[in-house]
There are 2 protein chains.
Amino acid sequence: MEINREFLSKLSEFYKIFGDTTRLRILYCLKDKERCVNEISELLDISQSAISHQLKILRLYNLVRYEKKGQVVVYSITDLHVIGILEYGINHIGELLIK
Amino acid sequence: MEINREFLSKLSEFYKIFGDTTRLRILYCLKDKERCVNEISELLDISQSAISHQLKILRLYNLVRYEKKGQVVVYSITDLHVIGILEYGINHIGELLIK
DNA sequence: TGAATATATGAACAAATATTCATAAAAGGT
DNA sequence: ACCTTTTATGAATATTTGTTCATATATTCA
């Protein structure tokens, strides 16, 4: 009847990740293209540190992939699910918000 | 290129709602059946006040419907989208978490 | 090797959010 | 009219979360 507590907790943590505009913007700007930290930082006009902290969270949940290329670290979306979830939100949530 | 700021903010607020175990549990226990506040409170073993505060948020975002029946207030899920989003999470997020 | 650049990270602080507690409001039963 | 039950709500508090600031680490280049 009730959902298993542990899964529930993971589920809420997961949604929570998408519940922050900084993280959404990061994910969105990585949607079609990998980018390095400074690039993201400049593009979104958010401090390097803040971006780095948020990337850490995204990494922790396997939403982004980390690849070191010389001095630079390049981040990209891990997997199509992430884009799917984003698009699901973009398409379906609008409708709910209107009513 | 970037998502419109206002939509972005609504989107994150929306995901945020699902990013709390209490609210997830409330939504989940209303999945197939309408219930009154005390019923939810007892079922989930969370204080009536906490439930009521959270229901207010769910109501604000039109995720649940409010119906007064005499002394009792009955809540139910507003719309199939909500269940869709929940199920989307339940089905797809598990996979992401594993990797 | 030393300077410059890119990124990560811990601690402090600020802001947002959830819960509790006390109480109010609304309805029903006596 | 009064007591009981159910729900809502404001204020206080506790907790969580995000950002900034200072600094560490790693890599390249001179």
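For the structure itself, consult the block above.
Summary of the structure given here.

Conventions adopted
- Residues numbered from 1 in each chain as written.
- Chains lettered and ligands numbered in written order.
- Predicted model: local features only at pLDDT ≥ 70, side-chain atom pairs only at ≥ 80, totals over all residues.
- Heavy atoms only, no water.
- Pairing = 2+ DSSP bridges.
- Helix = DSSP H or I, 4+ residues; strand = E, 2+ residues; numbered from the N terminus.
- Contact = heavy atoms within 4.5 Å.
- Axes fitted to C-alpha atoms, helices over the stretch in contact; angles between N-to-C directions.
- Buried area = accessible area lost by both parts, 1.4 Å probe.
- Salt bridge = Lys/Arg side-chain N within 4 Å of Asp/Glu carboxyl O.
- Polar contact = N/O pair within 3.5 Å; in protein donor to acceptor, adjacent residues only side chain to side chain.
- Nonpolar A, V, L, I, M, F, W, Y, C, P; charged D, E, K, R; others polar.
- Near = heavy atom within 4 Å.
- Phe/Tyr/Trp six-rings, centres within 6.5 Å; stacked < 30°, edge-to-face > 60°.
- Buried < 20%, exposed > 50% of the residue type's maximum accessible area, 1.4 Å probe, protein only.
- Lys NZ or Arg CZ within 6 Å of the ring centre and 35° of its normal.

Some details on the sheet that holds strand 3 (residues 72-77) of chain A
All names here are of chain A.
Okay, so step 1: The strand order across the open sheet built from 3 strands is 1-3-2, with neighbouring strands paired in antiparallel fashion. Among the strands making up the open sheet, the edge pair consists of strand 1 (35-36) and strand 2 (64-69).
Okay, so step 2: Summarising the sheet, strand 2 and strand 3 pair through 6 bridges and their orientation is antiparallel. Opposite Val64, over in strand 3, you have Ile77 as the bridge partner.
Okay, so step 3: Packed onto the sheet, helix 4 (residues 48-60) meets strand 2 and strand 3 and runs at close to 115° relative to strand 2.

Some words on the interface of chain A and chain B
Okay, so step 1: Contacts between the two partners involve 40 residues from chain A, matched on the other side by 42 residues from chain B.
Okay, so step 2: Of the roughly 4000 Å² buried between chain A and chain B, counting both surfaces, carbon and sulfur atoms make up 72%.
Okay, so step 3: Across the contact surface, chain A and chain B share 0 salt bridges.
Okay, so step 4: Between the two partners, chain A and chain B, sit 1 residue pair in polar contact (both at pLDDT 80 or more).
Okay, so step 5: Contributions of two or more residues to the side of chain A that touches chain B are made by helix 1 (5-18), helix 2 (21-29), helix 3 (37-44) and helix 5 (80-98) of chain A.
Okay, so step 6: Looking at the side of chain A that touches chain B, the element that brings in the most residues is helix 5 of chain A, giving 14 residues.
Okay, so step 7: Among the residues forming the side of chain A that touches chain B, the class breakdown is 21 nonpolar, 10 polar and 9 charged.

Here we look at the protein's contact with DNA strand C
Okay, so step 1: Around DNA strand C, the surrounding shell holds 27 residues, and the nearest of these are A:Asn38, A:Ser49, A:Tyr75, B:Arg23 and B:Ser49.
Okay, so step 2: The sugar-phosphate backbone supplies 64% of the atoms of DNA strand C found within 4 Å of the protein.
Okay, so step 3: With respect to DNA strand C, the side chain of B:Lys16 contributes an N or O atom lying 3.2 Å from a phosphate oxygen.
Okay, so step 4: Contact distances for DNA strand C include 2.6 Å between a base nitrogen and a side-chain N or O atom of B:Ser49.
Okay, so step 5: Within the residue set of the surface near DNA strand C, elements represented by two or more residues are helix 3, helix 4 and strand 3 of chain A together with helix 2 (21-29) and helix 4 (48-60) of chain B.
Okay, so step 6: Counting residues per element, the surface near DNA strand C draws most heavily on helix 4 of chain A, which supplies 6 residues.
Okay, so step 7: A breakdown of the residues in the surface near DNA strand C according to their chemical character gives 8 nonpolar, 13 polar and 6 charged.

Looking at the packing of aromatic side chains
Okay, so step 1: For the coordinates displayed, the defined rule picks out 6 aromatic pairs over all chains.
Okay, so step 2: Ring plane angle 45° and centroid distance 5.3 Å describe the contact between A:Tyr15 and B:Phe18, whose orientation is recorded as tilted. With A:Tyr15 in helix 1 and B:Phe18 in helix 1 (residues 5-18), the pair connects residues from two separate chains. With respect to burial, A:Tyr15 and B:Phe18 carry one shared label: buried.
Okay, so step 3: Aromatic pair B:Tyr66 and B:Tyr75: ring centres 5.8 Å apart, planes at 80°, arrangement edge-to-face.
Okay, so step 4: The class of B:Tyr66 is partly exposed, set by a relative accessible area of 42%.
Okay, so step 5: Every member of this aromatic cluster is reached through a ring pair, and the members are A:Phe14, A:Phe18 and B:Tyr15.
Okay, so step 6: Sitting over the face of the ring of A:Tyr28, A:Lys31 holds its NZ or CZ atom 5.2 Å from the ring centroid.

Considerations on unusual backbone geometry
Okay, so step 1: With a phi angle near 60°, A:Asn62 is a residue other than glycine that sits in the positive phi range.
Okay, so step 2: Within the secondary structure, A:Asn62 is located in the loop between helix 4 and strand 2.

Description of the pattern of salt bridges
Okay, so step 1: Counted under the stated rule, the structure contains 8 salt bridges over all chains.
Okay, so step 2: For B:Arg35, the salt bridge identified is with B:Glu39, shortest N-O distance 3.3 Å.
Okay, so step 3: For B:Arg35, a relative accessible area of 10% puts it in the buried group.
Okay, so step 4: Sharing partners across several salt bridges, the network here consists of A:Lys33, A:Arg35 and A:Glu39.

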